[in-house]
Amino acid sequence: MSTLATLTASPLAPALLILGSVTLTLLTVQLLDSLYKYFLRPGKNLRKCGEWAVITGATDGERLHVEELARQERSVFGRIVKLLLEDIQVLQGI
Amino acid sequence: MWSPSYGNVQVSQLGSPNPLLKLSSLETLLSCNPLLHSPSLPPGIGKAYAFNLASRGLSIVLISRTKSKLDAVAEEIKEKYPDVKVKVIQCDYSNFDDKARASMKKALSSLDIGVLVNNVGVSYTFPKFFHELTEDEVGGLMEMNVNSTTWMTHMVLPGMMERKRGAVVNIASAAGVNTMPLLAQYSAAKGYIAMFSRGLMVECATKNVTVQCQVPFYVATKLAKLRKALTVPTPDAFVRMASKTIGYSDAIVQPFWMHAVIGLAINSIPTVVSDKIVMGMHAGIRKRGMKKAEKAAKGE
């Protein structure tokens, strides 16, 4: 008997089916909710909040170590890509 | 040591250089504080917010340390949005003591403030072990990140609650919601802001006031000399997405979509693994930072 057939024959099959469906539904709802919030939801009319907006640190940028971090991040990413490319070349060799 | 001198708050209306208040200068403090003694820093998220909110018809109060830069940004806004009123307040949040706070309170008291963007903040010069930070750095991290936001919110919130409208936007960092070895105090300070916002969001909901905390990863500021990339938005691109979330009920917001993907990825690998990766990354940057600092010290 194949694995799939064993699974479907199992008495747990209906429970697993329900569990899977619920999980999938929740993830889909979450994804759609995120897509809506990031790309479709309109901004609010902030003028309704009041006349003035107060912004601190409006001219001096935050002093961050970001430059180095990002460089490192890029180089890590670059290294991964390089490794992948090497792997592909090795695989092609085979 | 942390300067005992009084704070520095100066208020003026654009076009009429009319300092209502002028307190002691901070040169002495700055000269002994490597963390705050930073070269002239280019604008980032704060300036982008100013333009974004001006474009939406709000009048703008710019608060920052350097008067000349404030005036320059104010002029720029005026040029682009001639109908928008702009006010500048000079304030150094590294020394936001009771006198400075009283001045700030007075300067803001007559305004119908709809939106408060707590953007000011400071991080490590580079990742370090906590015990390697100087006392000035430890103090600065608390003053600039925790105290500024706490006090500003305490000042502005009563009016918002009374008018039953308003939005507080706290700019924190992904460090505030993720484990950040070698940036522990920065991470903790931003974590404070995150929990502060979560509580306030629920507390103020009945009065139609929202308090949100934005927790971005990297943004391409001129300072960071970062070119924009898929994972690194320009301040404008970041704020375009971020400002659309203002007024909604999510307390913790990851405004830029690609940052949300990164966050999801980090949180989906086991903590033991992600902690080690971040620690390794930061340890590497620390080493190079130490070398640079050593060289600079020798050069002087």
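Residues numbered from 1 in each chain as written. Chains lettered and ligands numbered in written order. Predicted model: local features only at pLDDT ≥ 70, side-chain atom pairs only at ≥ 80, totals over all residues.

1. Details of the overall build of chain A
Note the cut-off: Numbering of helices and strands starts at the N terminus; helices are DSSP runs of H or I of at least 4 residues and strands are runs of E of at least 2. Backbone-placed C-beta atoms define the burial measure: a residue is buried with 20 or more other C-beta atoms within 10 Å of its own, exposed with 12 or fewer, and partly exposed in between.
Secondary structure summary: chain A contains three helices and one strand in total. Mapped from its N terminus to its C terminus, chain A presents α and β elements in the order α-α-β-α. The 94 residues of chain A split such that 22% are buried.

2. So, the overall build of chain B
Operational definition: In this description, a residue-residue contact is defined by the distance between C-beta atoms placed from the backbone, which must lie within 7 Å.
Across its full length, chain B holds nine helices and seven strands. Within chain B, the proportion of its 300 residues that are buried is 46%. The contacts of chain B with a sequence gap of at least 6 include a subset with a gap of at least 24, amounting to 70%.

3. Observations regarding the pairing of strand 2 (residues 59-64) of chain B
Put simply, the rule is: At least two bridges found by DSSP between two strands are what make those strands a pair. Convention used here: a crossover is right-handed provided that the path from the first strand, over the helix, to the second strand proceeds clockwise when the strands point away from the viewer.
Of all six residues in strand 2 of chain B, six are buried, a share of seventy percent or more. Residues of strand 2 of chain B alternate between two faces, with Ser59, Val61 and Ile63 of chain B on one and Ile60, Leu62 and Ser64 of chain B on the opposite face, all of them buried. Pairing between strand 1 (residues 52-56) of chain A and strand 2 of chain B: five bridges, direction parallel. Residue Ala53 of chain A lies in a different strand from strand 2 of chain B, and its bridge partner there is Ile60 of chain B. Across five bridges, strand 2 of chain B lies against strand 3 (residues 86-91) of chain B in parallel orientation. Directly across from Ser64 of chain B, in strand 3 of chain B, lies its bridge partner Gln90 of chain B. For the segment spanning strand 2 of chain B, helix 3 (residues 67-80) of chain B and strand 3 of chain B, crossover handedness is right-handed.

4. Notes on the confidence of the model for chain A
All names here are of chain A. We apply this condition: Residue-level confidence of the predictor is what pLDDT reports, using numbers from 0 through 100.
When the pLDDT values of chain A are averaged, the result is 76; 62% of them are 70 or greater. The least confident element of chain A, judged by mean pLDDT, is helix 3 (residues 66-93) at 52; the most confident is strand 1 at 97. Across residues 62-72, where pLDDT falls below 50, the model places 34 contacts with residues more than four positions away in sequence or in other chains.

5. Some remarks on the packing of helix 5 (residues 135-163) of chain B against helix 6 (residues 184-204) of chain B
Relative orientation and spacing of two packed helices are given, respectively, by the angle between their axes and the distance between those axes. Residues and elements named next belong to chain B. Which entries qualify depends on this criterion: Orientation is described by axes fitted as lines to C-alpha atoms, over the contacting stretch for helices, and by angles from 0 to 180 degrees between their N-to-C directions. An angle below 35 degrees is treated as roughly parallel, one above 145 as roughly antiparallel, one from 65 to 115 as roughly perpendicular, and anything else as oblique. Crossing handedness: left-handed means the near helix sits turned counterclockwise from the far one by under a right angle, and right-handed means the same turn made clockwise. Each residue gets one of three labels, nonpolar for Ala, Val, Leu, Ile, Met, Phe, Trp, Tyr, Cys and Pro, charged for Asp, Glu, Lys and Arg, and polar for the others, Gly among them.
Taken N-terminus to C-terminus, the directions of helix 5 and helix 6 make an angle of 15°; their axes are 9 Å apart at the nearest point. Here helix 5 is positioned roughly parallel relative to helix 6, judged by the angle of their axes. In this structure, helix 5 meets helix 6 at a crossing whose hand is right-handed. Facing Val138, Leu141, Met142, Asn145, Val146, Thr149 and Met161 of helix 5, the residues of helix 6 in contact are Gln185, Tyr186, Ala189, Lys190, Tyr192, Ile193 and Cys204. When the residues that make up the contact of helix 5 with helix 6 are grouped by side-chain class, the tally is ten nonpolar, three polar and one charged.

6. Some remarks on the nonpolar core
This is how it is decided: For this entry, the nonpolar core is defined as buried Ala, Val, Leu, Ile, Met, Phe, Trp, Tyr and Cys residues connected by C-beta atoms within 7 Å.
Grouped together as the largest cluster of nonpolar side chains are 80 residues, with contacts concentrated most on Ala53, Val54 and Ile55 of chain A together with Ala50, Ile60, Leu62 and Val115 of chain B. Apart from residues lying up to four places away in sequence, Ala50 of chain B is in contact with Ile55 and Ala58 of chain A together with Ile60, Leu62, Val73 and Ile77 of chain B.

7. Let's talk about the environment of Ser103 of chain B
Residue and element names in this part refer to chain B. Positionally, Ser103 belongs in helix 4 (residues 98-109). Residue Ser103 is classed as buried on the basis of its C-beta count, with 22 C-beta atoms lying within 10 Å. Separated by twelve residues in the primary sequence, Ser103 and Cys91 have C-alpha atoms spaced 9.5 Å apart.

8. With respect to the packing of helix 2 (residues 45-55) of chain B against helix 3 of chain B
Residue and element names in this part refer to chain B. One way to put it is that helix 2 packs onto helix 3 with a least axis distance of 10 Å and a crossing angle of 30°. Considered as vectors, helix 2 and helix 3 are oriented roughly parallel to each other. The handedness of the crossing between helix 2 and helix 3 is right-handed. Across the interface between the two elements, Lys47, Ala50, Phe51 and Ala54 of helix 2 pack against Val73, Ile77 and Lys80 of helix 3. Among the residues forming the contact of helix 2 with helix 3, the class breakdown is five nonpolar, no polar and two charged.

9. Describing unusual backbone geometry
Residues and elements named next belong to chain B. Phi at Leu182 takes a positive value of approximately 70°, unusual for a residue other than glycine. Considering the arrangement of structural elements, one finds Leu182 in the loop between strand 5 (166-171) and helix 6. Positioned with a positive phi, Asn208 is a non-glycine residue whose angle comes to about 65°.

10. A word on helix 5 of chain B
Residue and element names in this part refer to chain B. Going by this rule: An expected span of 1.5 Å times one less than the residue number is assigned to each helix. Fitting one axis to the seven residues ending at a residue and another to the seven starting there, the bend at that residue is the angle between the two axes.
Helix length check: helix 5, at 29 residues, gives a terminal C-alpha distance of 41 Å against a target of 42 Å (1.5 Å per residue), a fit within 8%. Largest kink in helix 5: about 35°, centred on Asn147. After helix 5 finishes, the residue Lys164 shows a positive phi value of roughly 60°.

11. Considerations on the pairing of strand 1 of chain A
In terms of residue burial, strand 1 of chain A counts as a mostly covered element, since five of its five residues are buried. By the alternation rule, side chains of strand 1 of chain A split into Trp52, Val54 and Thr56 of chain A and Ala53 and Ile55 of chain A, which are all buried. Two elements, strand 1 of chain A and strand 4 (residues 113-118) of chain B, share four bridges in a ladder whose sense is parallel. Looking at the pairing, Trp52 of chain A lines up with Ile113 of chain B of strand 4 of chain B.

12. Here we look at the confidence of the model for chain B
Residues and elements named next belong to chain B. Averaged over all residues, the pLDDT of chain B equals 84, while 83% of them reach at least 70. Contacts for the low-pLDDT stretch residues 1-42, under 50 throughout, to residues beyond four places or in other chains number 89 contacts. Two numbers describe this predicted complex: its pTM, 0.79, and its ipTM, 0.83.

13. A few points about the environment of Ser64 of chain B
Tracing the sequence through the fold places Ser64 of chain B in strand 2. Considering only alpha carbons, one finds Ser64 of chain B and Ala175 of chain B, 111 residues apart in sequence, at a separation of 23 Å.

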